[in-house]
Amino acid sequence: MKLSFRWYGEGDPVSLQYISQIPGMRSVVSAVYGVKPGEVWPEEQIARIKSACEAHGLVFDVVESIPVPEDVKLGRKGRDRLIENYCENVRRCAKYGVKCVTYNFMPVFDWTRTQLDREAPDGSTSLVLYQKQLEGLDPMADDIALPGWDESYSRAEIRQLFADYAALGENGLWENAEYFLRQVIPAAESCGVTMALHPDDPPYPIFGLPRIITCEAALDRYLSIVDSPANALCLCTGSLGCVPTNDVAAMVRKYAGRRRIGFMHMRNVKILGDGSFEERAHLSSCGSLDMAEIVDALVSAGFDGYVRPDHGRMIWGETGKPGYGLYDRALGAAYLNGLWEATVRAKGGR
Ligand code: DNO
């Protein structure tokens, strides 16, 4: 595996120096921020991330994310220009050494939680989604500010987006995903980039908006639209794993075996039933996922792609971007290193 860590750029309180001090750390996962989805990223900014990483002995070879504009997901007029810009961004990133680009196809909202600082008995805090809290939220009426949400929309725009997605439905969203992939995958292939689709988080409809990347059948369908190694997955264990119907280890075994995982997001969640869940420490015994079995699936398949410890709790008094502090993610990285080494050795490797 290529161990990686997400970095939010110069303003991130977690510095590249700290990241470089985590044992085994190789790659930085980042993006150009502050450019509207659908616009082209200035090359100087991509180059700046690369040289900042290199100054700390790290490699900038994973982008998370190049966001897919709503007009593309909705198939609105003008999408061709936006898709061309998307392809241009993939090519520009490749020019500076990027090998893997993560993105998602979730309408309006990226990842969704109902509370970002739920306190556990040990005093640590983490992100949770409680159905009870979700029922009380109305994105068209409330001022909601959660990290996965684009807050730049006006109320009127949100209302319009909801109406357009209701008219589009799941089938329309699939058609638009297909239209996007048929142009983006050949562009990625031609510059040696793996496109890694992040599943919907959580993997079920939120606020009545369609969500399609939710389960194994959906992943099969998506990968078969363009049957190329460049059309791959960012398999996020915590996103898929927060519903009991998804057998994450089996999915990892299958898609890693087929060489269709570009990137692994590794985190643990505690499933609470009724669709509610809590993010927990990475260790298997802390949540509902068997992380050792997932690592076993990767090692058995000879997985050589990118792996990053995903969201961490806030511990030891750290404050910062919810899910993206240093300490618990670093503990996650150390845990993954240990699991990986032990699994490789148990299989006779080194
Ligand atoms: C959350 C992240 C997601 C992910 C995007 C990929 O912490 O895993 O926001 O970056 O869905 O496009």
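These figures come from a predicted structure and were not determined experimentally.

Draft legend 1. Structural view of the sheet that holds strand S9 (residues 261-266). In spatial order, the strands read S1-S2-S3-S4-S7-S8-S9-S12; together these eight strands close into a barrel with parallel pairing. The mean inter-strand angle of the sheet, taken between neighbouring strand axes irrespective of direction, is 30°. The pairing of strand S3 (residues 59-64) with strand S4 (residues 100-104) spans three bridges and is classified as parallel. If you follow Val63 over to S4, its bridge partner there is Val101.

Draft legend 2. Highlighting helix H11 (residues 327-346). Relative to the 28 Å expected for 20 residues at 1.5 Å per residue, H11 spans 29 Å between its end C-alpha atoms, a close match to the ideal helical length. Residues of H11 that are buried make contact with strand S1 (2-6), S9, helix H10 (291-300) and strand S12 (306-309). Of the residues trailing H11, Gly348 is marked for its positive phi of about 90°.

Draft legend 3. Geometry of the packing of H10 against H11. Where H10 meets H11, the closest approach of the two axes is 10 Å, and the angle between their N-to-C directions is 55°. The angle between H10 and H11 places the two elements in the oblique class. When the axes of H10 and H11 are compared, the crossing they make is right-handed. Within the contact between the two elements, H10 uses Met291, Ala292, Val295, Asp296 and Val299 and H11 uses Leu339, Trp340, Thr343 and Val344.

Draft legend 4. Representation of the site of the ligand within the structure. Surrounding the ligand, one finds 13 residues, the nearest of these being Ser65, Asn104, Asp110, Trp111 and His198. Broken down by element, the shell around the ligand gets its largest block of residues, three residues, from S4. The residue inventory of the shell around the ligand, partitioned by class, reads three nonpolar, eight polar and two charged.

Draft legend 5. How the structure looks around H10. Across the 10 residues that make up H10, a large majority, seven, are buried. Of the positions making up H10, those classed as buried are Met291, Ile294, Val295, Asp296, Ala297, Leu298 and Val299. On its buried side, H10 packs onto helix H8 (237-240), helix H9 (248-257), S9, strand S10 (268-273) and H11. Phi for Gly302, located one or two positions after H10, is positive at around 70°.

Draft legend 6. Looking closely at the nonpolar core. Val90, Val101, Val184, Val193, Met195 and Leu298 are the most contacted members of the largest nonpolar core, which has 92 residues in total. The element best represented in this core is helix H6 (residues 155-190), accounting for 11 residues. Filtering out sequence-adjacent residues up to four positions away, Leu298 remains in contact with Met1, Val252, Ala256, Met264 and Phe303.

Draft legend 7. Representation of the environment of Val307 within the structure. For Val307, the position within the fold is in strand S12. Between the alpha carbons of Val307 and Met264 there is a distance of 4.6 Å; along the sequence they are 43 residues apart. Residues in contact with Val307, not counting those within four places in the same chain, are Met1, Lys2, Leu3, Ser4, Met264, Met266 and Leu336.

The rules behind each value
- Every chain's residues receive numbers from 1 upward, in the order its sequence appears when written.
- It should be noted that, the model being predicted, local features are given only for residues of pLDDT at least 70 and side-chain atom pairs only at 80 or more, the latter also being counted only at that level, while totals for whole chains, interfaces and linings use all residues.
- Here, any two strands with at least 2 DSSP bridges between them count as paired.
- Each helix is a run of H or I in the DSSP string that is no shorter than four residues. Each strand is a run of E no shorter than two, and both are numbered from the N terminus.
- In this description, a line fitted to the C-alpha atoms serves as the axis of each element, helices being fitted only across the stretch in contact, and the angle between N-to-C directions of two axes falls anywhere from 0 to 180 degrees.
- Expected helix span is given by 1.5 Å per residue-to-residue step, counting one fewer step than there are residues.
- Two residues qualify as a contact pair if the distance between their C-beta atoms, derived from the backbone, is within 7 Å.
- Roughly parallel refers to an angle under 35 degrees, roughly antiparallel to one over 145, roughly perpendicular to one between 65 and 115, and oblique to any angle outside these ranges.
- Each crossing is labelled by how the near helix is turned from the far one, with a counterclockwise turn of less than a right angle marking it left-handed and a clockwise turn marking it right-handed.
- For each residue, a C-beta atom is placed from the backbone, and the residue counts as near a molecule or strand when that atom lies within 6 Å of it.
- Gly falls in the polar group here, along with every residue not listed as nonpolar (Ala, Val, Leu, Ile, Met, Phe, Trp, Tyr, Cys, Pro) or charged (Asp, Glu, Lys, Arg).
- Backbone-placed C-beta atoms define the burial measure: a residue is buried with 20 or more other C-beta atoms within 10 Å of its own, exposed with 12 or fewer, and partly exposed in between.
- What makes a nonpolar core is a set of buried Ala, Val, Leu, Ile, Met, Phe, Trp, Tyr and Cys residues, with links drawn between C-beta atoms within 7 Å.

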